[in-house]
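Each chain, written out:
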Amino acid sequence: MAGIARFKGMATLTFTGTTELKLANGGVTEMTGRDEQMFGFVGKGNAKAVVRSDEAAGRSGKLMSGELFYLPPDCSCTLENEGSGVFHIRWIRFRCDGGDMPELAGSLCESADFAALRFRLPQARGWMAGFPAEDPEELEPAAFFRLQAHLYAIASAYVGHHRKPKGTDDDLLDYVEQTKRYMTDRYAEPIDVEELARQSGASSGRFYEAFRKQTGLSPHKYMTFVRLGQALGMLADLRSSVSEVAHSAGYPDELYFSRLFKKHMGMSPTEYAACAHKKIVMQPIFEGDLSVLGIRPEWMLDRGWWEHPEPFVRQIAETRPELVLTSPIPGELLRAVAEISPIISLEWKGYPWKKRLTQISGILGIGSVAEWWLAFYDRKVDNARRLVRRHLGNTPFLLASAHGPGYRIYGMQMNKVKDLFYDDLGVKPPEEAFRFGLLEVDSFREVADMPSDNLILLMPHSRSEEDISDCRRRWSEREGRPEHARCLVVRYAGPLMYNAAANESLIDQTVRLLAAK
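Remember, it's a predicted structure, so these values are computed and weren't measured experimentally. (Residues numbered from 1 in each chain as written. Predicted model: local features only at pLDDT ≥ 70, side-chain atom pairs only at ≥ 80, totals over all residues. Heavy atoms only, no water.)

S.K.: What is the right way to read the overall build of the protein chain from this model?
M.R.: For the protein chain, the count of helices and strands is 19 helices and 18 strands. By its C-alpha atoms, the protein chain is 80 × 65 × 45 Å across when sized along the principal axes. Counting every position in the protein chain, which comprises 517 residues, the buried fraction comes to 52%. In the protein chain, the proportion of contacts linking residues at least 24 apart, taken out of those at least 6 apart, comes to 71%. (Helix = DSSP H or I, 4+ residues; strand = E, 2+ residues; numbered from the N terminus. Buried < 20%, exposed > 50% of the residue type's maximum accessible area, 1.4 Å probe, protein only. Contact = heavy atoms within 4.5 Å.)

S.K.: Mind showing me how you'd approach the packing of aromatic side chains here?
M.R.: Describing an aromatic ring pair means giving the distance of the ring centres and the angle of the ring planes. According to the stated counting rule, one finds 25 aromatic pairs in the structure shown. Residues Phe207 and Tyr208 carry aromatic rings whose centres are separated by 5.8 Å and whose planes lie at 85° to one another, so their mutual orientation is edge-to-face. Taken individually, Phe207 and Tyr208 each receive the classification buried, so the pair is uniform in this respect. One aromatic cluster is present, built from ring pairs that chain together Phe39, Tyr70, Phe94, Phe119 and Tyr158. The ring of Tyr251 carries Arg227 above its face, with NZ or CZ at 5.5 Å from the centroid. One Lys or Arg, Arg481, reaches over the ring of Trp475 and ends 3.6 Å from the middle of that ring. (Phe/Tyr/Trp six-rings, centres within 6.5 Å; stacked < 30°, edge-to-face > 60°. Lys NZ or Arg CZ within 6 Å of the ring centre and 35° of its normal.)

S.K.: Quick question: what am I supposed to make of the side chain of Thr179 here?
M.R.: As for its position among the elements, Thr179 is in helix H4 (residues 170-185). Looking at Thr179, the relative accessible area reads 0%, which means it is buried. Polar side-chain contacts of Thr179 include one of 2.8 Å to the backbone oxygen of Tyr175. Residue contacts for Thr179: discarding those within four places in its chain leaves Pro122, Leu196, Phe207 and Phe211. (Polar contact = N/O pair within 3.5 Å; in protein donor to acceptor, adjacent residues only side chain to side chain.)

S.K.: Even after reading the chapter, I still don't get the nonpolar core, so can you show me in this structure?
M.R.: Tyr272, Trp373 and Phe421 are the most contacted members of the largest nonpolar core, which has 93 residues in total. At eleven residues, helix H15 (residues 367-391) tops the list of elements feeding residues into this core. Once you skip the residues sitting within four places of it in the chain, Trp373 turns out to touch Phe225, Val292, Trp353, Leu357, Ala500 and Glu504. Among the nonpolar cores identified, the runner-up in size contains 41 residues, and Leu21, Leu121, Leu139 and Phe144 belong to it. (Core = buried A, V, L, I, M, F, W, Y, C linked by side-chain atoms within 4.5 Å.)

S.K.: Looking at this structure, I do not really get the state of the cysteines. What am I missing?
M.R.: A covalent bond bridging the sulfur atoms of two cysteines is what the word disulfide describes. A complete count under the given rule lists zero disulfides for this structure. Here Cys471 is not disulfide-linked; the sulfur of Cys487 is the nearest cysteine sulfur, at 6.5 Å. Residue class for Cys487 comes out buried when judged on its relative accessible area of 11%. (Disulfide = S-S within 2.5 Å.)

S.K.: Can you walk me through the sheet that holds strand E12 (residues 323-326) in this structure?
M.R.: As a general point, the strands of a sheet are linked pairwise by backbone hydrogen bonds and lie either parallel or antiparallel. With parallel pairing, the four strands of this open sheet are ordered in space as E11-E10-E12-E13. Each of the sheet's edge strands pairs with one partner strand only, and the pair in question is strand E11 (299-300) and strand E13 (343-345). Relative to E13, E12 runs parallel, the two sharing three bridges. Across the sheet, residue Leu325 finds its bridge partner in E13, namely Ile344. (Pairing = 2+ DSSP bridges.)

S.K.: What should I look at first to understand the packing of helix H6 (residues 204-215) against helix H7 (residues 219-237) in this one?
M.R.: Two quantities define a packed helix pair, namely the angle between the helix axes and the distance between the axes. Put simply, H6 and H7 touch, their axes get as near as 9 Å, and they point 45° apart. The pairing of H6 with H7 is recorded here as oblique in orientation. Residues Phe207, Tyr208, Phe211 and Thr215 of H6 form the contact with H7, whose participating residues are Pro219, His220 and Tyr222. Across the contact of H6 with H7, the residue classes break down as five nonpolar, two polar and no charged. (Axes fitted to C-alpha atoms, helices over the stretch in contact; angles between N-to-C directions. Parallel < 35°, antiparallel > 145°, perpendicular 65-115°, else oblique. Nonpolar A, V, L, I, M, F, W, Y, C, P; charged D, E, K, R; others polar.)

S.K.: What's the story with the environment of His88 in this structure? I'm lost.
M.R.: Of note, His88 is situated in strand E8 (residues 87-97). When the C-alpha positions of His88 and Ile329 are compared, they lie 66 Å apart, and in sequence the two are 241 residues distant. Beyond its immediate sequence surroundings of up to four residues, His88 is in contact with Glu20, Leu21, Lys22, Phe41, Val42, Gly43 and Lys44.

S.K.: When you look at H15 in this model, what are you seeing that I'm missing?
M.R.: Since the α-helix advances by 3.6 residues per turn, residues separated by three or four positions end up pointing in the same direction. With 25 residues, H15 should reach 36 Å at 1.5 Å per residue; the first-to-last C-alpha distance of 36 Å fits that figure. Positive backbone phi, approximately 60°, marks Gly393, located one or two places after H15. (Expected span 1.5 Å × (residues − 1).)

Listed below in structure tokens is the structure:
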């Protein structure tokens, strides 16, 4: 199949075929990479594996059900079924041409230990049936490119696994994170949580414990939370019937879905849809509040729109929204917009976001939905607070964030960030933090000069790992700072808003950071 894209500095992977092997108890077989590379997926059973090359002695380990295994080129793999049942492995063969991907180079066979070749990906089992045994040249283009996408996803998971330094439970925590993404991506499909637990490579008890450690919820409750959250958005659009929404959210039984929805939300799906389906215009700060309630705005006002309001007023007049949400604006402008559409002016600076979320949900008549979401949020907070207590103890930490080209330092006199980390999560503030609300500085050097031994630094995903390493180095090397000083980096997807969705994301990232320690 021609036409595979090549990107500068990257390898091009091309699916070349599939080989399936089944071994009865005591059976032995050998697979050789030659000029191809392979990912093997263990569909059933356990087996002893020995990997060899001409230049290196054999290294052995055990392959277990649900695991993926990488076999580099010019290496051979001997498999022996030591279990009582049938061992089933499917090899996905591919070429790796050009580019710079050392993790998929032949030299790995000599340099890596056996454990580095094994990894897990919850989606893999569902993908395997799509890899056919016939010649890929015979596939339709759409089917071929779908397999290519799966191949690249498997390669990406392997590279991430191989590059990351591993601790005792890192593999299991990685698998939990992948399972969460799997649930979010595949919420409409039947999901066998027990099978996911078996594929973790750990006991079911350890998997469930690790899942609760990262989410504060059991896998089943987390799945319900994801599905009902997705159902909110579909019901608010009013483009589907309740029956269609139920099926799309992963519930084949409409009556069961309706009962479950009302049990959690305090109102029926039809009642929620009638309240939530509104044309709303608002400022970006409120988007994260409405999103957790399942509502998307018709369009967004710019920040500071009241300074040059004419084009926005014209757009409001053309759109005729059922509600306009804005931060406080001049009284004359408020009256002008009110003649066109109902408008609510909401405080956000210095006003707790939870109260604002409750206020917005009350205006829309869906206060019970906000209560449902806040109950799950509080479970996450309780879980995160336990991790903070375990890993940070009573040690004071300063809070700062990368903001554009500069940085912000957060004190106790401002709600934003402070009420999440210092109030909800119980991080102890340093004495210096009680003297200010917000400090804006131009460089990290000014952050590092603050009289605190420890720092929690919020960094957007757009910042590189080199930036993070540089900040950590500058913090630890500051004169007078002890050797045990810490700079913990919490990643976030910007902008750093003061609303429900942004705070939930920060909690998830903080838990991910602390759970891996």
